[in-house]
Amino acid sequence: ISGDGTVTPSQQEVVRSQQLSLVITPAFGSHIVSVSGCNGTLNQNTYQTGAITAHCQVSVQFSQLHYALTYRAEQGGSLQGPASQQVGHAQSGRAVTAVAAAGYQFAGWSDGSLAASRTDSNVTANVTFTALFTVNRYTANYSANKGGSIHGLESQNVAHGGNTTAVAAVPD
């Protein structure tokens, strides 16, 4: 046996030309990679040997489950750190940080997390997280001194890189 799991029975004497059924059970967080020996076949978690006519040995290999941990950034930002990771069952990924581009701000992750930097732990499934960004908005206020007025919107909310609507200063 290689890896985490059990084979039941672990040892068995049989009458010549009999077959033997073995139950192959991976430990939690592991899976069966291969089972071989004694001219057998694997069907789900049961290994059925062929007719046993001499001493033979069944070899079983288990391996830890691995999951894809994927990070994405929507428009307005980028990521620092490995965006695509393979993580062992119940293990932790590596740190990833969402970085806002000029004129944007980090708004959170698709799972509701608000911290720009994250290290996901106890990973037990393939998961994808997307960093969300919002464009910065600014208020432009126009006012006239004594003896004049403003034609147009005196207060305008504008997205980063955007333009206000036309405003004219008109003397009285």
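The structure contained in this document is the topic of the report that follows. Just so you know, these numbers come straight off a predicted model, no measurement behind them.

## What to know about the nonpolar core
Buried together is how nonpolar side chains tend to be arranged in soluble globular proteins.
Okay, so step 1: If you look at the biggest cluster of nonpolar residues, it comprises 11 residues: Tyr67, Leu69, Tyr71, Val87, Val96, Ala98, Trp109, Val123, Phe129, Ala131 and Phe133.
Okay, so step 2: Contributions of two or more residues to this core are made by strand E7 (66-73), strand E10 (96-100) and strand E13 (127-135).
Okay, so step 3: Look past the residues within four positions of Tyr71 in its chain and what remains in contact with it is Leu79, Pro82, Ala83, Gln85, Val96, Trp109, Arg118, Asp120 and Phe129.
Okay, so step 4: If you look at the next biggest cluster of nonpolar residues, it comprises 10 residues, including Leu20, Leu22, Tyr47 and Ile52.

## Topic: the sheet that holds E13
Two pairing modes exist for strands in a sheet, parallel and antiparallel, and in both the strands are linked by backbone hydrogen bonds.
Okay, so step 1: Ordered by their spatial adjacency, 4 strands build an open sheet running E9-E7-E13-E11, and the pairing between neighbours is mixed. A strand with exactly one partner marks an edge of an open sheet, and here the two such strands are strand E9 (84-88) and strand E11 (104-109). Averaged over all pairs of adjacent strands, the angle between strand axes in this sheet comes to 25°, irrespective of strand direction.

## Some words on the environment of Asn141
Okay, so step 1: Along the polypeptide, Asn141 turns up in strand E14 (residues 137-141).
Okay, so step 2: Owing to a relative accessible area of 57%, Asn141 belongs among the exposed residues under this scheme.
Okay, so step 3: C-alpha separation for the pair Asn141 and Gly40, spaced 101 residues apart in sequence, amounts to 81 Å.
Okay, so step 4: In this structure, Asn141 is in contact with Glu154 and Ser155, ignoring residues within four places of it in sequence.

## A look at the state of the cysteines
Okay, so step 1: The tally for this structure, following the rule as stated, stands at 1 disulfide.
Okay, so step 2: There is a disulfide in this structure between Cys38 and Cys56, and the S-S distance comes to 2.1 Å. What sets the handedness of the Cys38 and Cys56 disulfide is the S-S torsion sign, and at about 110° it is right-handed. Separated by 18 residues along the polypeptide, Cys38 in the loop between strand E3 (30-36) and strand E4 (41-43) and Cys56 in the loop between strand E5 (46-48) and strand E6 (59-64) bring together distant segments of the chain.

## Re the environment of Val123
Okay, so step 1: Position of Val123 among the secondary structure elements: in the loop between strand E12 (117-118) and E13.
Okay, so step 2: Taking C-alpha positions, Val123 is 6.1 Å from His89, a pair spaced 34 residues apart along the chain.
Okay, so step 3: The contacts of Val123, once residues within four sequence positions are left out, are Tyr67, Leu69, Val87, Gly88, His89, Ala90 and Gln91.

Conventions adopted
Residues numbered from 1 in each chain as written. Predicted model: local features only at pLDDT ≥ 70, side-chain atom pairs only at ≥ 80, totals over all residues. Heavy atoms only, no water. Core = buried A, V, L, I, M, F, W, Y, C linked by side-chain atoms within 4.5 Å. Buried < 20%, exposed > 50% of the residue type's maximum accessible area, 1.4 Å probe, protein only. Helix = DSSP H or I, 4+ residues; strand = E, 2+ residues; numbered from the N terminus. Contact = heavy atoms within 4.5 Å. Pairing = 2+ DSSP bridges. Axes fitted to C-alpha atoms, helices over the stretch in contact; angles between N-to-C directions. Disulfide = S-S within 2.5 Å.

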